[in-house]
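What follows is each chain in one-letter form.
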Amino acid sequence: MRSDLILRGILIAFTAFAAYAVSDACVKLIEGRVSPFELGFFGAVFGIAALPFLMKRGDRWQDVLATTNRPLWLLRFFSAGAGIIGSVTAFTHLSMAEAFCLIFLLPSFVTIMSVVFLKEPVGIRRWGAVIIGFIGVLVVLRPGFRELSIGHVGAVFAGLGGALSIVIYRAIGPSEKNISLYGAGLLGGLVICGLLMLGDFRWPTGQEWLLLAGYGLLGALGNVLLMYSAFYAPAAVVGPIQYSQMLWGILFGYLIFGDRVDLPMVAGIALIIGSGLLTISRERTKGVALPLAVAGKDEAALAIKPEDETAAPL
């Protein structure tokens, strides 16, 4: 593959993950004035905008509901809804850097779930990466020395939801269309968040509508850009770029929200990023054929590798 095309893919991927980070910043800017359920619902509504761009050659609109494995499709439906609520809760109550720290345990969760559910053999290096990741989280959280909140629980649920979606993708294999699994997640957000928001619904203000649109549309834009980056650069190259979200989170936290990152958090972040990069490296070595784990937005894992790698981008 030509180096200039790979560079183009890398630059598009950086832009995609920047869009994800701004999307998450929009959640934090709402400051809890809109319930997590309502925020998740409207984020999913705006996320519909990505569907036409994510559809591959031969896809039809009804493929959003079609599946080769209905039980796993439904599991993806519920896991995505829970993950959306967890992610919104995390970015509402935690600093962006701390929320990303916990959500970036996703690769470790994928490794554990792959062993439990897929009976995938995992060697000492990948188990070592899992242990390093959890040590990093302990360094960041310092349990016993600081109070933990609902935001920490939400971040863990966001990571678990994203990891479950990736394991489902691997279990179903290439027979399942990306648009089907993306549709399951989208519908999960619409239905689950839509039902839960009814008891505490409040019509958003004009400013809140702008932030809701930013959250949903920028997340959708990130999915589309990430898919196109995979036309130019291999998934093994694009995957590690996900950790640029952490840098955006630290920058936005400092400039917009007045957050500070202390030395223990820096050490924890380094351990978590090292754990994720080691996991990605080992998955590449072991020849994991399906998308690499992508933290923050579980839909991104479905967009990172096009189903038809011979197709040219529009």
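The present account deals with the structure reproduced in this document. (Residues numbered from 1 in each chain as written. Predicted model: local features only at pLDDT ≥ 70, side-chain atom pairs only at ≥ 80, totals over all residues. Heavy atoms only, no water.)

Concerning the pattern of salt bridges
This structure, assessed with the given rule, holds 7 salt bridges. Residues Arg 202 and Glu 208 are paired through a salt bridge, measuring 3.0 Å at the closest nitrogen-oxygen approach. Its relative accessible area of 3% is what places Glu 208 among the buried residues. A cluster of three or more residues bridged by salt bridges with shared partners is formed by Glu 31, Arg 33, Arg 202 and Glu 208. (Salt bridge = Lys/Arg side-chain N within 4 Å of Asp/Glu carboxyl O. Buried < 20%, exposed > 50% of the residue type's maximum accessible area, 1.4 Å probe, protein only.)

Some remarks on the nonpolar core
Core analysis: the largest hydrophobic core is formed by 75 residues, its most contacted members being Leu 39, Leu 54, Phe 91, Tyr 215 and Met 246. Those residues in contact with Phe 91, other than ones at most four positions away along the chain, are Asp 24, Val 27, Lys 28, Met 96, Ala 99, Phe 100 and Ile 103. Among the nonpolar cores identified, the runner-up in size contains 8 residues, and Ala 13, Phe 17, Ala 233 and Val 238 belong to it. (Core = buried A, V, L, I, M, F, W, Y, C linked by side-chain atoms within 4.5 Å. Contact = heavy atoms within 4.5 Å.)

Remarks on unusual backbone geometry
Positive phi outside glycine occurs at Glu 31, with the angle close to 60°. Examined against the element boundaries, Glu 31 turns out to sit in the loop between helix H1 (3-30) and helix H2 (36-47). In this structure Glu 31 comes out as exposed when scored by relative accessible area, which is 58%. Positive phi is not limited to glycine here, since Lys 119 has a value of about 55°. Among the structural elements, Lys 119 can be located in the loop between helix H6 (106-118) and helix H7 (124-141). (Helix = DSSP H or I, 4+ residues; strand = E, 2+ residues; numbered from the N terminus.)

Quick word on the side chain of Asn 223
One can find Asn 223 in helix H10 (residues 206-232). At 2.6 Å, the side chain of Asn 223 forms a polar contact with the side chain of Tyr 20. (Polar contact = N/O pair within 3.5 Å; in protein donor to acceptor, adjacent residues only side chain to side chain.)

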